[in-house]
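Tertiary structure, described
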Amino acid sequence: MRDLQGKKVVVVGGTSGIGLATAIEAADLGAEVWAVGRSAENIEKAKSVAGEGIHFAQLDVHNLEDFDQLFKDTGKFDHLVSAATGADRTMKPFMEQTAEQFSEAFNKFWGYTNVVRQGVPHIKPHGSITLVSGTPARKCNAGMSSVSCVGNAVEGLGRALALELAPIRVNVVAPGVISTGMFDWMGEKKDEILEGMTKQIPLGRAGQPWEVANAILFFMTTSYATGTCVDVDGGQLLP
Ligand SMILES: NC(=O)c1ccc[n+]([C@@H]2O[C@H](COP(=O)([O-])OP(=O)(O)OC[C@H]3O[C@@H](n4cnc5c(N)ncnc54)[C@H](OP(=O)(O)O)[C@@H]3O)[C@@H](O)[C@H]2O)c1
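A word on the environment of Ala142
Examined against the element boundaries, Ala142 turns out to sit in the loop between strand 5 (123-132) and helix 6 (145-165). In this structure the C-alpha to C-alpha distance between Ala142 and Val230, which are 88 residues apart in sequence, comes to 24 Å.

Written as structure tokens, this is what we have:
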């Protein structure tokens, strides 16, 4: 049953894109939601589109002290989502990247480990954690080595934690190309570029944030799913 009445949900990276869509859908299903992100600017933009039942909080996943106030406010809660980008990535061949550029991408992963380490003591025993990886983990184009390695690390973490944290369930959602704020740097050409990036995949278009949020909600509400990964990628993984 897709019902989150009486549940509390924390979405880190919940002020834009996939995380914001997840926060909105969870609130629509009756949950009390905390949507968390780093910038006041994204929080203000998110407030203007979000409805009732969502609290917004400012937090940087790399600053452990920020989590204290958040979890004081939430008290014990049911479902934790880690969807923060949390890092810059350098998209060029591995041999053309400096070690620093390659390592920087892993700040997404270290952010996720902070979210889990700080969050788990506050999750109710039959709650869940959903992490967001990405299609490049298992289908990597040239120039995407750092993103691919980070995605694999996230998926490995999900499986390892599912063993260690049970009965808390831990799962991963792997999006393909989704039209979110992550691509705002493309400016006016964003739609055109995303169209070009996805025209060869079976569904022939970029995904929308709510289409990925739907899979995250699946894991919150599916009490027998743990240690697994769902791809929401328009068929991009097919040969
Ligand atoms: N969109 C895609 O095509 C795609 C594909 C594969 C995987 N993903 C993954 O999906 C997840 C969600 O991305 P998205 O596409 O929804 O991107 P987005 O629209 O840019 O949203 C990212 C969210 O993370 C927050 N955030 C970034 N750095 C943070 C930090 N240090 N501390 C706390 N919050 C932080 C952002 O808010 P602030 O910037 O204000 O902090 C925002 O709320 C990411 O892990 C991304 O790698 C996305």
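From this point, the narrative continues.
Points about the packing of aromatic side chains
Evaluation of the coordinates by the stated rule reveals 6 aromatic pairs. With centroids separated by 6.0 Å and ring planes inclined at 50 degrees, the aromatic side chains of Phe102 and Phe106 adopt a geometry described as tilted. Accessibility expressed as a relative area gives 17% for Phe102, which makes it buried. Taken together through their ring pairs, the aromatic side chains of Phe67, Phe71 and Phe77 make up a single cluster.

Digging into the environment of Ala50
Inspection of the secondary structure assignment puts Ala50 in the loop between helix 2 (40-49) and strand 3 (54-58). Ala50 gets classed as buried once you look at its relative accessible area, which sits at 17%. The residues contacting Ala50, other than those within four sequence positions of it, are Ile24 and Phe56.

Quick look at the pattern of salt bridges
Applying the stated rule across the entire model yields 7 salt bridges. As a salt-bridge pair, Lys47 and Glu44 come within 3.6 Å of each other at their nearest N and O atoms. In this pair, Lys47 and Glu44 both sit in helix 2, 3 residues apart, roughly one turn of the helix. Judged by its relative accessible area of 44%, Lys47 falls in the partly exposed class. Asp184 is paired through a salt bridge with Lys190; the nearest N and O atoms lie 2.8 Å apart. A relative accessible area of 14% means that Lys190 is categorised as buried. Linked through salt bridges whose partners overlap, the residues forming this network are Arg138, Glu155 and Asp231.

The rules behind the values
Residues numbered from 1 in each chain as written. Predicted model: local features only at pLDDT ≥ 70, side-chain atom pairs only at ≥ 80, totals over all residues. Heavy atoms only, no water. Helix = DSSP H or I, 4+ residues; strand = E, 2+ residues; numbered from the N terminus. Phe/Tyr/Trp six-rings, centres within 6.5 Å; stacked < 30°, edge-to-face > 60°. Buried < 20%, exposed > 50% of the residue type's maximum accessible area, 1.4 Å probe, protein only. Contact = heavy atoms within 4.5 Å. Salt bridge = Lys/Arg side-chain N within 4 Å of Asp/Glu carboxyl O.

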